[in-house]
Amino acid sequence: MKDSTYSKLNPRLLKIWRNYLNMNKYKVSYKGPGPGVKFSVEALRCHLRDHVNVSMIEATDFPFNTTEWEGYLPKENFRTKVGPWQRCAVVSSAGSLKNSQLGREIDNHDAVLRFNGAPTDNFQQDVGSKTTIRLMNSQLVTTEKRFLKDSLYTEGILIVWDPSVYHADIPKWYQKPDYNFFETYKSYRRLNPSQPFYILKPQMPWELWDIIQEISADLIQPNPPSSGMLGIIIMMTLCDQVDIYEFLPSKRKTDVCYYHQKFFDSACTMGAYHPLLFEKNMVKHLNEGTDEDIYLFGKATLSGFRNIRC
């Protein structure tokens, strides 16, 4: 499977991509190698493992160590709460999961990661019902009116992420988050004190972005990676093997954005805001499954970081 480049995009998406390059909302100033550095699969896996630090905000991090945050963050360290697992599934929210009949296969994994408000009720046949981790962006936590009430969010471990200005430290990000989700987070914790709910450190998305830029042939959007790509790296950190469903689209590829909504836009698959096209190229490069698995099932299989020797 060949890499995709921006020259293949339709004019509307090409225009959006150029606008984002010029806007540079997050003040990205990449000084690293590339673009276009070539890595073998093994070398890229080691590079990701060594340079992308999957860690959560802790009660010792300023300003989360102040009295106004006392008792809100989970007491248990993230790594003691999750994994290690052997086989994990990352289930995208793509429209092409509809009528896939992948539910049973997905539920057969030791752990399943889902995104944002993607439901399982009424869709079990296609997406399964098991939810071990739910990764959500701060926009959902801040603006979704049902977030505090919907039982969808009370299953499994929650992780919220919010983009900072490029490589900002925690105090700087805290003063100027992308979406100010902190009060909603506290409200949720008061309502569900026993449910693990973590906040991803804001440095991690940019550590990942740097590597995507390093290996991409083009300049990529100066916006953070997608939740999908973040979820893949989180699970690669916790699992021996990660099966990813419909991140690389199958023959069922469609302009319907989400399997649970009737919303059409090719940007969902090709990416406008996030550097999705380049994320897909990276996953394609790391894929150890067959092209047939992608075409028929939208399934890519990646080795996790746990047992690799670098």
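Residues numbered from 1 in each chain as written. Predicted model: local features only at pLDDT ≥ 70, side-chain atom pairs only at ≥ 80, totals over all residues. Heavy atoms only, no water.

1. Describing the pattern of salt bridges
As enumerated under the stated definition, the model contains 12 salt bridges in all. Glu144 is paired through a salt bridge with Arg146; the nearest N and O atoms lie 3.7 Å apart. Accessibility expressed as a relative area gives 25% for Glu144, which makes it partly exposed. Of the residues examined, Arg146 reaches a relative accessible area of 49% and is grouped as partly exposed. Members of the salt-bridge network, linked through shared partners, are Glu68, Glu183 and Lys186. (Salt bridge = Lys/Arg side-chain N within 4 Å of Asp/Glu carboxyl O. Buried < 20%, exposed > 50% of the residue type's maximum accessible area, 1.4 Å probe, protein only.)

2. Overview of the side chain of Asp243
Along the polypeptide, Asp243 turns up in strand 6 (residues 239–245). A relative accessible area of 1% means that Asp243 is categorised as buried. Here the side chain of Asp243 touches Gln241 through a polar contact of 3.2 Å, side chain to side chain. Discounting chain neighbours no more than four positions away, the residues touching Asp243 are Arg87, Cys88, Ala89, Val90, His109, Lys299, Ala300 and Thr301. (Helix = DSSP H or I, 4+ residues; strand = E, 2+ residues; numbered from the N terminus. Polar contact = N/O pair within 3.5 Å; in protein donor to acceptor, adjacent residues only side chain to side chain. Contact = heavy atoms within 4.5 Å.)

3. With respect to the nonpolar core
Grouped together as the largest cluster of nonpolar side chains are 57 residues, with contacts concentrated most on Leu48, Ile233 and Met235. Take this core: its biggest share by element is 8 residues, from helix 10 (residues 227–238). Those residues in contact with Met235 that sit more than four places away from it in its chain are Trp85, Cys88, Val90, Ala111, Val112, Leu113, Ile133 and Val242. Judged by nonpolar contacts, the second largest core, of 22 residues, contains Val160, Ile170, Tyr174 and Phe182. (Core = buried A, V, L, I, M, F, W, Y, C linked by side-chain atoms within 4.5 Å.)

4. Some points on the packing of aromatic side chains
Counted by the stated rule, this structure contains 23 aromatic pairs. Where Trp69 meets Tyr174, the ring centres are 6.4 Å apart and the plane angle is 70 degrees; that geometry is what we call edge-to-face. With Trp69 in the loop between helix 2 (41–51) and helix 3 (78–81) and Tyr174 in helix 7 (residues 170–175), this residue pair connects regions lying 105 residues apart in the sequence. Of the two residues, Trp69 and Tyr174, both sit in the buried class. Just above the ring of Trp69 sits the side chain of Lys186; from NZ or CZ to the centre is 4.7 Å. We note Lys280 situated over the ring of Phe247; from NZ or CZ to the ring centre the distance is 4.9 Å. (Phe/Tyr/Trp six-rings, centres within 6.5 Å; stacked < 30°, edge-to-face > 60°. Lys NZ or Arg CZ within 6 Å of the ring centre and 35° of its normal.)

5. A word on the environment of Arg189
You can see Arg189 is positioned in helix 8 (residues 182–191). In this view, Arg189 contacts Tyr72, Leu73, Pro74, Gln195 and Phe197; residues no more than four positions away in its chain are not counted. Separated by 2.7 Å, the side chain of Arg189 and the backbone oxygen of Gln195 make a polar contact.

6. Here we look at the state of the cysteines
Using the criterion set out here, one finds 2 disulfides in the structure. Residue pairing for Cys46: its cysteine sulfur links by disulfide to Cys310, the two sulfurs lying 2.0 Å apart. Handedness here is read from the sign of the S-S torsion; for Cys46 and Cys310, about -90 degrees, the answer is left-handed. Of the two residues, Cys46 sits in helix 2 while Cys310 sits in the segment after strand 7 (299–303), which places them 264 residues apart along the sequence. On the basis of relative accessibility, which here comes to 14%, the residue Cys46 falls in the buried class. By relative accessible area, which is 56% here, Cys310 ends up exposed. The disulfide that involves Cys88 links it to Cys239, with 2.0 Å between the sulfurs. An S-S torsion of about -90 degrees defines the bridge between Cys88 and Cys239 as left-handed. Of the two residues, Cys88 is situated in strand 1 (residues 85–91) and Cys239 in strand 6; the sequence distance between them amounts to 151 residues. Each of the two residues, Cys88 as well as Cys239, counts as buried. (Disulfide = S-S within 2.5 Å.)

7. Let's talk about the environment of Ile16
Position of Ile16 relative to the elements: it lies in helix 1 (residues 11–23). On the basis of relative accessibility, which here comes to 22%, the residue Ile16 falls in the partly exposed class.

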